[in-house]
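# Survey of secondary and tertiary structure
So you can see what is in the structure, the chains are spelled out below.
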Amino acid sequence: MHRLTLCVWLAATTSTAFAFDNGQYDHVPPDIRAWFKSVIAPNGVPCCDISDGHRTDYDVRGGAYWVPIEGHWMEVPERAVIRDRGNPVGQAVVWYVHHRGAIIISCFVPADAV
(Lines give C-alpha, C1' and ligand atoms only; values in the text may rest on other atoms or scores of the structure.)
Protein backbone atom coordinates (compact mmCIF):
# COMPACT_ATOMS: atom_id res chain seq x y z
CA MET A 1 0.00 0.00 0.00
CA HIS A 2 1.38 3.44 -0.90
CA ARG A 3 2.64 5.37 2.16
CA LEU A 4 0.20 8.28 1.64
CA THR A 5 -2.65 5.86 1.29
CA LEU A 6 -1.54 3.90 4.36
CA CYS A 7 -1.21 7.01 6.54
CA VAL A 8 -4.59 8.32 5.47
CA TRP A 9 -6.17 4.90 5.94
CA LEU A 10 -4.63 4.47 9.37
CA ALA A 11 -5.65 7.96 10.43
CA ALA A 12 -9.20 7.33 9.26
CA THR A 13 -9.56 3.89 10.83
CA THR A 14 -7.75 4.28 14.13
CA SER A 15 -7.68 6.81 16.92
CA THR A 16 -3.91 7.03 16.76
CA ALA A 17 -2.07 7.23 13.46
CA PHE A 18 0.87 4.86 13.37
CA ALA A 19 2.94 3.76 10.44
CA PHE A 20 6.15 1.92 9.73
CA ASP A 21 7.59 1.51 13.25
CA ASN A 22 8.85 -2.05 13.31
CA GLY A 23 10.82 -1.57 16.51
CA GLN A 24 13.58 0.51 14.93
CA TYR A 25 12.45 3.52 16.98
CA ASP A 26 12.41 1.81 20.38
CA HIS A 27 15.28 4.04 21.55
CA VAL A 28 13.19 7.20 21.02
CA PRO A 29 11.93 8.65 24.32
CA PRO A 30 8.16 8.39 24.91
CA ASP A 31 7.65 12.18 24.89
CA ILE A 32 9.29 12.48 21.46
CA ARG A 33 7.26 9.54 20.11
CA ALA A 34 4.09 11.18 21.44
CA TRP A 35 5.02 14.49 19.77
CA PHE A 36 5.50 12.83 16.38
CA LYS A 37 2.14 11.09 16.72
CA SER A 38 0.39 14.34 17.71
CA VAL A 39 1.54 16.60 14.87
CA ILE A 40 -1.38 17.57 12.67
CA ALA A 41 -1.25 19.65 9.49
CA PRO A 42 -3.14 22.95 9.42
CA ASN A 43 -5.84 21.23 7.31
CA GLY A 44 -6.49 18.76 10.15
CA VAL A 45 -4.79 15.71 8.61
CA PRO A 46 -2.33 13.84 10.86
CA CYS A 47 1.25 14.03 9.63
CA CYS A 48 1.49 10.36 10.56
CA ASP A 49 4.27 9.11 12.80
CA ILE A 50 7.92 9.11 13.75
CA SER A 51 8.76 6.72 10.91
CA ASP A 52 7.41 9.20 8.36
CA GLY A 53 9.02 12.41 9.62
CA HIS A 54 12.48 13.24 8.33
CA ARG A 55 14.82 15.51 10.27
CA THR A 56 16.13 18.06 7.83
CA ASP A 57 18.07 21.21 7.17
CA TYR A 58 16.11 24.12 5.80
CA ASP A 59 16.50 27.58 4.37
CA VAL A 60 14.21 30.61 4.20
CA ARG A 61 13.96 32.20 0.76
CA GLY A 62 11.62 35.09 0.05
CA GLY A 63 9.65 34.35 3.20
CA ALA A 64 9.13 30.66 2.34
CA TYR A 65 10.75 27.59 3.83
CA TRP A 66 12.82 25.35 1.55
CA VAL A 67 14.02 21.82 2.39
CA PRO A 68 16.34 19.36 0.66
CA ILE A 69 14.51 16.18 -0.31
CA GLU A 70 16.33 13.40 -2.13
CA GLY A 71 19.03 15.78 -3.35
CA HIS A 72 16.73 18.60 -4.51
CA TRP A 73 15.66 21.76 -2.69
CA MET A 74 11.88 22.09 -2.58
CA GLU A 75 9.67 24.93 -1.40
CA VAL A 76 7.45 23.99 1.52
CA PRO A 77 3.85 24.95 0.75
CA GLU A 78 2.36 27.28 3.36
CA ARG A 79 -0.48 24.75 3.90
CA ALA A 80 2.13 22.32 5.30
CA VAL A 81 3.87 24.63 7.80
CA ILE A 82 3.06 23.89 11.43
CA ARG A 83 4.01 26.58 13.90
CA ASP A 84 1.89 25.73 16.95
CA ARG A 85 3.12 22.28 18.05
CA GLY A 86 6.57 23.17 19.33
CA ASN A 87 9.57 21.12 18.30
CA PRO A 88 11.28 18.97 20.92
CA VAL A 89 13.80 17.37 18.52
CA GLY A 90 15.91 20.48 17.87
CA GLN A 91 15.90 20.04 14.10
CA ALA A 92 13.32 20.82 11.47
CA VAL A 93 11.13 17.88 10.51
CA VAL A 94 9.46 17.34 7.14
CA TRP A 95 6.87 14.73 6.20
CA TYR A 96 6.52 13.92 2.53
CA VAL A 97 5.25 11.23 0.24
CA HIS A 98 5.72 10.13 -3.33
CA HIS A 99 2.49 10.39 -5.27
CA ARG A 100 2.13 9.83 -9.02
CA GLY A 101 5.77 10.62 -9.68
CA ALA A 102 5.85 13.77 -7.55
CA ILE A 103 7.04 14.49 -4.03
CA ILE A 104 4.32 16.05 -1.91
CA ILE A 105 5.26 17.78 1.32
CA SER A 106 2.43 17.19 3.76
CA CYS A 107 3.87 18.71 6.94
CA PHE A 108 6.84 20.78 8.04
CA VAL A 109 7.86 21.92 11.52
CA PRO A 110 10.76 24.38 11.65
CA ALA A 111 13.48 23.85 14.23
CA ASP A 112 12.35 26.91 16.17
CA ALA A 113 8.59 26.23 16.12
CA VAL A 114 6.87 27.45 19.27
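Just above, that's the structure.
Residues numbered from 1 in each chain as written. Predicted model: local features only at pLDDT ≥ 70, side-chain atom pairs only at ≥ 80, totals over all residues. Heavy atoms only, no water.

## What about the pattern of salt bridges?
One pass over the structure, following the stated rule, counts two salt bridges. The salt bridge partner of arginine 83 is glutamate 78, with a shortest N-O separation of 2.8 Å. The partly exposed category is assigned to arginine 83, whose relative accessible area is 41%. Taking the relative accessible area as the measure of exposure, glutamate 78 reaches 52% and is therefore exposed. (Salt bridge = Lys/Arg side-chain N within 4 Å of Asp/Glu carboxyl O. Buried < 20%, exposed > 50% of the residue type's maximum accessible area, 1.4 Å probe, protein only.)

## Structural notes on helix H2 (residues 30-38)
Residues Ile32, Trp35 and Phe36 constitute the buried set of H2. When H2 is viewed along its axis, its buried side chains cluster within an angular range of 95 degrees and face the same direction. Exposed residues lying more than 90 degrees from the buried face of H2 are Pro30 and Asp31. Next to the buried residues of H2 lie strand E1 (53-56), strand E5 (92-99) and strand E6 (102-109). (Helix = DSSP H or I, 4+ residues; strand = E, 2+ residues; numbered from the N terminus. Arc of directions from axis to C-beta. Contact = heavy atoms within 4.5 Å.)

## A word on the nonpolar core
Residues Trp35, Phe36, Val39, Trp95 and Val109 are the most contacted members of the largest nonpolar core, which totals 14 residues. The set of elements that each furnish at least two residues to this core consists of H2, E5 and E6. Looking at this core, the element that brings in the most residues is H2, giving three residues. Beyond its immediate sequence surroundings of up to four residues, tryptophan 35 is in contact with Arg85, Gly86, Asn87, Pro88, Val93, Trp95 and Val109. Formed by eleven residues, the second largest nonpolar core is a distinct cluster that contains Tyr65, Ile69, Val81 and Val94. (Core = buried A, V, L, I, M, F, W, Y, C linked by side-chain atoms within 4.5 Å.)

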